[in-house]
Amino acid sequence: MRCGDDNRAITVSRPRRSRGFTLIEIMIAIFLLVVAMLGVISVTVMVIKGNSFSKTMTTATTLAADKMEELKNTAYASVVSGNDTQETLYTRTWVVTNNSPATGMKTVVVTVAWNWQGNNHDVVLRSIVSE
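Remember, predicted model here, so these are calculated numbers, not experimental data.

(A) A look at the pattern of salt bridges. Summed over the entire model, instances satisfying the criterion amount to 2 salt bridges. Glu70 is the salt-bridge partner of Lys67, the closest N and O atoms lying 2.9 Å from each other. Residue Lys67 and its partner Glu70 are both found in helix H1 (residues 23-72); the two are separated by 3 residues, about one turn of the helix. Of the residues examined, Lys67 reaches a relative accessible area of 6% and is grouped as buried. Between Asp84 and Arg92 there is a salt bridge, with the nearest N and O atoms lying 2.8 Å from each other.

Rendered as structure tokens:
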């Protein structure tokens, strides 16, 4: 049974829109990710170097404080200048100045020096001991 124009095919036209990403969009996204990752990597490297330097600084400060305590607990007449090397990286030097700042007193300066990434660094502690 045929009734007039009922045999016509019905076509629904859809807009031609891509459901995926274009190559340019993907390349831009990859570029942005690479730039972000390079930023994160450089910050991470700086944080690691900062932590490493902090560790060496803390060790040097501890070595200086230990020597200062040792000298403070030494008999007054036995407090004299000297130096030594600690952990093959740190050079520890202590200088004792007699009768400074007054008679019967000694000024003690403990210095711990080390080289870190091609730069010389040091920690200096000062104290006065008396008879």
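After that view of the structure, there is still more to cover.
(B) Fine view of the nonpolar core. Counting 17 residues, the largest nonpolar core has Ala60, Leu71, Tyr90, Val108, Val110, Val112 and Trp114 as the members making the most contacts within it. Elements with a minimum of two residues in this core: H1, strand E2 (90-98), strand E3 (105-116) and strand E4 (119-130). Ignoring sequence-local partners within four residues, the contact set of Val110 consists of Ala64, Lys67, Met68, Leu71, Arg92, Thr93, Trp94, Val123, Val124 and Leu125.

(C) A look at the environment of Lys49. Relative to the assigned elements, Lys49 resides in helix H1. Lys49 gets classed as partly exposed once you look at its relative accessible area, which sits at 43%. Residues Lys49 and Gln117 lie 68 residues apart in sequence; the distance between their C-alpha atoms is 9.8 Å. With residues up to four places along the chain from it excluded, the contact list for Lys49 reads Trp116 and Gln117.

(D) Region of interest: H1. End to end, H1 covers 73 Å across 50 residues, agreeing with the expected 74 Å (1.5 Å per residue, within 8%). Of all the positions in H1, only Thr56, Ala60, Leu63, Ala64, Lys67, Met68 and Leu71 are classed as buried. If you follow the buried residues of H1, they end up packed against strand E1 (82-86), E2, E3 and E4.

(E) The pairing of E2, seen in detail. For E1 and E2, the ladder comprises 5 bridges, and the chain directions are antiparallel. The residue of E2 that forms the bridge with Asn83 is Thr93. Connecting the antiparallel pair E1 and E2 is a turn made up of 3 residues, with Glu87 showing a positive phi of about 55°. Between E2 and E3, which pair antiparallel one after the other, the connecting turn spans 6 residues, and Asn99 there sits at a positive phi close to 55°.

(F) Local environment of the pairing of E4. One ladder, built from 12 bridges, connects E3 with E4; its direction is antiparallel. In the sheet register, Thr107 faces E4, and the bridge partner there is Ile128. What sits between the antiparallel neighbours E3 and E4 is a turn of 2 residues, in which Gln117 has the positive phi angle 55°.

What counts, and at which threshold
- Residues numbered from 1 in each chain as written.
- Predicted model: local features only at pLDDT ≥ 70, side-chain atom pairs only at ≥ 80, totals over all residues.
- Heavy atoms only, no water.
- Salt bridge = Lys/Arg side-chain N within 4 Å of Asp/Glu carboxyl O.
- Helix = DSSP H or I, 4+ residues; strand = E, 2+ residues; numbered from the N terminus.
- Buried < 20%, exposed > 50% of the residue type's maximum accessible area, 1.4 Å probe, protein only.
- Core = buried A, V, L, I, M, F, W, Y, C linked by side-chain atoms within 4.5 Å.
- Contact = heavy atoms within 4.5 Å.
- Expected span 1.5 Å × (residues − 1).
- Pairing = 2+ DSSP bridges.

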